[in-house]
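# Descriptive structure summary
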Number of protein chains: 2
Amino acid sequence: MANAEIIAIGSELLTPQRIDTNSLTITEQLNAIGVEVHRKQVIGDDRARLTEAIREALNRVDIVILSGGLGPTEDDVTRDAAAAALGRSLVHSLEQEAILQARFDRLRRKMAENNRRQTYLVEGAEAVPNGNGTAPGQFIQAGEKILILLPGPPRELKPMVINEIIPRLKPLLPKEVIKVRSFRITGMGESDLDALIAPIYSRYENPSTTVLAGVGDLWVHLRARCRTGAEADALLGEVGDPIAALLGDRVYTTDAEEPLEQVVGNLLRKHKATVATAESCTGGLIATRLTEYPGSSDFFLASFVTYSDAQKAKLLGVKGELLAQCGAVSESVAAAMAEGARSRSGATYALSTTGFSGPDGGTEQNPVGTVYIGLASEDSTKVIRLHFGSDRYRHRLLSTQFALDMLRRKLL
Amino acid sequence: MANAEIIAIGSELLTPQRIDTNSLTITEQLNAIGVEVHRKQVIGDDRARLTEAIREALNRVDIVILSGGLGPTEDDVTRDAAAAALGRSLVHSLEQEAILQARFDRLRRKMAENNRRQTYLVEGAEAVPNGNGTAPGQFIQAGEKILILLPGPPRELKPMVINEIIPRLKPLLPKEVIKVRSFRITGMGESDLDALIAPIYSRYENPSTTVLAGVGDLWVHLRARCRTGAEADALLGEVGDPIAALLGDRVYTTDAEEPLEQVVGNLLRKHKATVATAESCTGGLIATRLTEYPGSSDFFLASFVTYSDAQKAKLLGVKGELLAQCGAVSESVAAAMAEGARSRSGATYALSTTGFSGPDGGTEQNPVGTVYIGLASEDSTKVIRLHFGSDRYRHRLLSTQFALDMLRRKLL
């Protein structure tokens, strides 16, 4: 069994505002090929400290992965520190320079002089292509040890880890299999979920079980480590099948990376149905989520974000008397908004939201945190009333989550 | 000047699902009293590895803060490791046992035998009260060095850091002040920015300068450490004023925490103006951003997310001939969308976006990555054409960033 340490580089990661999340991606991918992470560190942009840290880590473990500090500026010290820790020099790569130049040409931008710093490799390093940025990664074998340099931006690092680093590491490792089975759940709380499934999973150490909570979003991960894939699959079935049966349709996907909006999009596509939204308190966030992935024009038609009574009347045809009588935050207005969006866009389904997302607002009858979510379809219009507290960010996200789940259940 | 390292302990923090956030709280509080954090680490529940890590950290810095591993079970090894690293023994505290017993009595629960582990202190440690849990913290002075043990749960740790640790540390530190001056910039690339301002900041080690890049968003942080606030202000002026002059109105705020949408919202409010959006490729993201903060109903009126030609015609009144002649991704359609949104909502300004955000789509004339951004106002309609590459996530975010910046410049 091989082990690894991860070092994130960047003074900004030592401020109270920023956190290293790359190590989660790297850990997940390493675990999947049986590599255990022993330690994670964050170090500022300091050449001497970083050099020492790399040297120490290489003494302790088989694989050391660095992220960040490969940019074009003076304070990007990772290349230098890695070379110093290995006692090697930095070598200018004509090939990398050509790749970088081509990238700038493609984007019709002029390459700045300092970008040339990114074309230096540690002696003996294999350059690792970076499809989304200017800094190549570096894969370095030094005796029994492996040192890997990756760029800091997560959208550059992640595909490189998955497509470039893991395939290079795998053949160098002893055989072991880690398999994971995941469930994503919405519409219930973390402790209710745990109370329901703990009686099953707590009897097993292998697979190990983790329950994670996001805003209106829960993950259950079962993780089996075995000598063969078949053994791991059998263990995951033994624990995962009864959990799946208990959770039923509260599980919206078994793909840990698939968000609810993608599940709903795929269901709409499958039914050749379309959707529109009429959003007040969610301010366009349902539309933003539904259009986040390529191909959303297959099912997404239109969205109306209507913040005031006047806009609700004008854009969605909500009647003035209704708004005056019931108030904008009401069951009737949520229904009228959804119906208006559906008829004006011609969509199969329309979702609506109207609520007090906070931190202020609300009435005696509908205090801050109240939201009405509507779903209009050909046969009927349904409205649910929910209450989420006065944290605006949470309120908006939970409202979109419940709206999307309402549509998902309609489509099942 | 004092410096510190933070070590989070717990094997669960080395899984792909969990992240150490305690270090953010600790860093924020340390920075406020002039203590710089040099390194953060996460280590599993392994006595030998942790002992070694504590010893190394104590050699490097003045203050080492440990979080986690103070629970009642076998795998809670922090007390043991701290004692071993200092070459001291663990001493049973009758006082701590009484406090713990009283806590269990109050909760009418029986104290488990293993909780007694939590009543052992490192020889010479001062116990730090924990109002929200069973594990006391420990504050240990060892020569010039300080070692601090804190429990892992954030709701226990945070009040302890603020109310117990900082007041104990402050009188032991040299007097020093850290002040920060920040700029947030949009509309230029990281290397262009750095080429412009490096000639100024690189002549100074104090203040230190960091340049950070998000998607279409750049931060410059100048950080001065001095013995008095006045000295720090003078240094920040010496470096910051010429940088501010060079950057001009590319700086959209000097508040590191204020995003562009908030700047635009405040400008609209100041001018008593309102805004609407007509979004195609950004799918509602401009509206989502503009409504993210409380009080956005002061200036945000409505948004139309129109994905298809038919919706552009129906909801925004874009003429069929125009769509047929120029195509939906064109200067004329962007202008017509913005004008349609402005007249149909009655807003002072309207922003529009139409483009190929990728990964597929595009024409010969307007390849994937092209976007037209429109701004309609009373006196005129302006459209800019930009090209952002075919990464959908980046494309959407950059489009909203340029659209918001276009409105900001109009409002200046």
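All of the points below concern the structure found in this document. (Residues numbered from 1 in each chain as written. Chains lettered and ligands numbered in written order. Predicted model: local features only at pLDDT ≥ 70, side-chain atom pairs only at ≥ 80, totals over all residues. Heavy atoms only, no water.)

## Side note on the sheet that holds strand S9 (residues 177–185) of chain B
Residues and elements named next belong to chain B. Spatial strand order, S10-S11-S9-S12: four strands in an open sheet with antiparallel pairing. If you trace the sheet from one side to the other, it starts and ends with strand S10 (208–214) and strand S12 (251–253), each paired once. Strand after strand, the sheet turns through a mean of 35° between neighbouring axes, direction not considered. When S9 meets S12, the two strands line up antiparallel, connected through two bridges. The residue of S12 that forms the bridge with Ile-185 is Val-251. (Pairing = 2+ DSSP bridges. Helix = DSSP H or I, 4+ residues; strand = E, 2+ residues; numbered from the N terminus. Axes fitted to C-alpha atoms, helices over the stretch in contact; angles between N-to-C directions.)

## Comments concerning unusual backbone geometry
Residue and element names in this part refer to chain A. Residue Pro-359 is reached from Gly-358 by a cis peptide bond, and omega for that bond is 5°. Looking at where Pro-359 falls in the secondary structure, it is placed in the loop between strand S15 (349–355) and strand S16 (370–376). The phi dihedral of Arg-108 is positive, around 55°, even though this residue is not glycine. The class of Arg-108 is exposed, set by a relative accessible area of 74%. With a phi close to 50°, Lys-272 is a non-glycine residue in the positive phi region. (Buried < 20%, exposed > 50% of the residue type's maximum accessible area, 1.4 Å probe, protein only.)

## Structural notes on the sheet that holds strand S10 (residues 208–214) of chain A
Residues and elements named next belong to chain A. Spatially, S10-S11-S9-S12 is the arrangement adopted by the four strands of the open sheet, whose pairing is antiparallel. Every interior strand has two partners, whereas the edge strands, S10 and strand S12 (251–253), have only one. When strand polarity is set aside, the average angle formed by the axes of neighbouring strands in this sheet is 35°. Packing against the sheet, helix H6 (residues 190–201) makes contact with strand S9 (177–185), S10 and strand S11 (217–226), and its axis sits at approximately 170° to S10. (Contact = heavy atoms within 4.5 Å.)

## Considerations on the pattern of salt bridges
Scanning the entire structure with this criterion turns up 39 salt bridges over all chains. The salt bridge partner of Glu-97 of chain A is Arg-116 of chain A, with a shortest N-O separation of 3.3 Å. Of this pair, Glu-97 of chain A sits in helix H4 (residues 94–106) while Arg-116 of chain A sits in the loop between H4 and strand S5 (120–122), and the two are 19 residues apart along the sequence. Overall, the relative accessible area of 28% leaves Arg-116 of chain A in the partly exposed class. Ionic pairing is found between Arg-223 of chain B and Glu-36 of chain B, a salt bridge with its closest N-O pair at 2.5 Å. Of the two residues, Arg-223 of chain B sits in strand S11 (residues 217–226) while Glu-36 of chain B sits in strand S2 (residues 36–43), which places them 187 residues apart along the sequence. (Salt bridge = Lys/Arg side-chain N within 4 Å of Asp/Glu carboxyl O.)

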